[in-house]
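Chain by chain, the residues run as shown.
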Amino acid sequence: MKFFIDTANLEQIKEAQDLGILDGVTTNPSLMAKEGISGAEAIKQHYKTICEIVDGDISAEVLSTTYEEMIKEGEELAAIHPNIVVKIPMIKDGVKALKYFSDKGIKTNCTLIFSAGQALLAAKAGATYVSPFLGRLDDISTDGLNLIEEIRTIYNNYMYDTEILAASIRSPMHIINCAKIGADVITSPLPSILGLLKHPLTDLGLAQFVADAKKLG
Ligand code: E4P
């Protein structure tokens, strides 16, 4: 399973990269705004910097919502770096844009996926990734993991190449459950990734080993 970090924060991206387990980065307009990035040139420069830190797929989301604008914007984003993946919302014009970029060999990530039908359409249009938002479904008392399972079944049935990129991760358990289901990728905030490290028995065991090591001289 590939690990992407879901942030536009350069320090957190560097920390995950230094850990040696990072395969890519996802961002969205809200994450960019949180870092105070604004203006087309600043946004492009930020993506360029992320591409210099991480050698993997970097999702850059279009800000427009019409087919023509998404094509123009997506082409500009794709020109920033070969690792840029154009992130397109799951709307009617977005499906058309996915097909356009797929035909041109430009990687895409179809975002805001909340149903199996949407994931099926995105795969038909040739999306490289689909991003089901499991945390946001859980937030409204709907089983987000069940959606990941449904998409896995559908993609397996027809051997779609589209990769399931489980998004809107809220906890280490989300990551573990996505791995059990067979999501191809998780994109997660740094704390949930680091949460996988923790176990009190590891800490207790290490403290004992360190204490005993001192007796060995
Ligand atoms: C996915 O690509 C999105 O950027 C992200 O995972 C959304 O997460 P949130 O629901 O925590 O905002």
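The rules behind each value
- Residues numbered from 1 in each chain as written.
- Predicted model: local features only at pLDDT ≥ 70, side-chain atom pairs only at ≥ 80, totals over all residues.
- Heavy atoms only, no water.
- UniProt positions renumbered as here; feature names shortened; annotations may be inferred.
- Helix = DSSP H or I, 4+ residues; strand = E, 2+ residues; numbered from the N terminus.
- Expected span 1.5 Å × (residues − 1).
- Buried < 20%, exposed > 50% of the residue type's maximum accessible area, 1.4 Å probe, protein only.
- Arc of directions from axis to C-beta.
- Contact = heavy atoms within 4.5 Å.
- Polar contact = N/O pair within 3.5 Å; in protein donor to acceptor, adjacent residues only side chain to side chain.
- Near = heavy atom within 4 Å.
- Axes fitted to C-alpha atoms, helices over the stretch in contact; angles between N-to-C directions.
- Left-handed = near helix turned anticlockwise from the far one by under 90°.
- Nonpolar A, V, L, I, M, F, W, Y, C, P; charged D, E, K, R; others polar.

Under an unreviewed UniProt entry, the name given to the chain is Probable transaldolase, and the source organism is Elizabethkingia miricola. Among the UniProt annotations of the chain, the heading Sequence similarities (unreviewed entry) holds the following wording: "Belongs to the transaldolase family. Type 3B subfamily."

A. How the structure looks around helix α8 (residues 144-158). Between its first and last C-alpha atoms α8 spans 22 Å; for 15 residues at 1.5 Å apiece the expected length is 21 Å, and the two agree. Buried residues of α8: G144, L145, L147, I148, I151, R152 and Y155, and no others. On an axial view of α8, the arc spanned by its buried residues comes to 150°, and they lie on one face. The inward-facing, buried residues of α8 abut β5 (108-113), α6 (116-124), β6 (129-132), α7 (134-139), β7 (163-166) and α9 (172-181). The distance from a side-chain oxygen at the start of α8 to the backbone nitrogen of L145 is 3.1 Å, and the residue carrying that oxygen is D143.

B. Region of interest: the site of the ligand. The local shell around the ligand consists of D6, N28, K87, F133, R136, A167, S168 and R170. At a separation of 2.7 Å, an oxygen atom of the ligand approaches a polar side-chain atom of N28. Here an oxygen atom of the ligand sits 2.7 Å away from a polar atom, N or O, in the side chain of R136.

C. Focus on unusual backbone geometry. Positive phi, normally seen in glycine, also occurs at M159, with a value near 50°. Mapped onto the elements, M159 comes out in the loop between α8 and β7. You will see that S168, though not glycine, has its phi angle at about 60°, which is positive. Residue placement: S168 occurs in the loop between β7 and α9.

D. How the structure looks around the UniProt feature "active site" (unreviewed entry) in the chain. Mapped onto the present numbering, the UniProt feature "active site" (unreviewed entry) falls at K87. The residue K87 is located in strand β4 (residues 84-89) in this model. The exposure class of K87 is buried, given its relative accessible area of 3%. Beyond its immediate chain neighbours, meaning those up to four positions away, K87 contacts T26, T27, N28, S59, A60, E61, V62, N109 and T111.

E. Highlighting the packing of α6 against α8. At a closest axis distance of 9 Å, the pairing of α6 and α8 adopts a crossing angle of 40°. Once α6 is placed against α8, the crossing between them reads as right-handed. Across the interface between the two elements, A116, A119, L120 and A123 of α6 pack against L147, E150, I151, I154 and Y155 of α8. Classifying every residue of the contact of α6 with α8 gives eight nonpolar, no polar and one charged.

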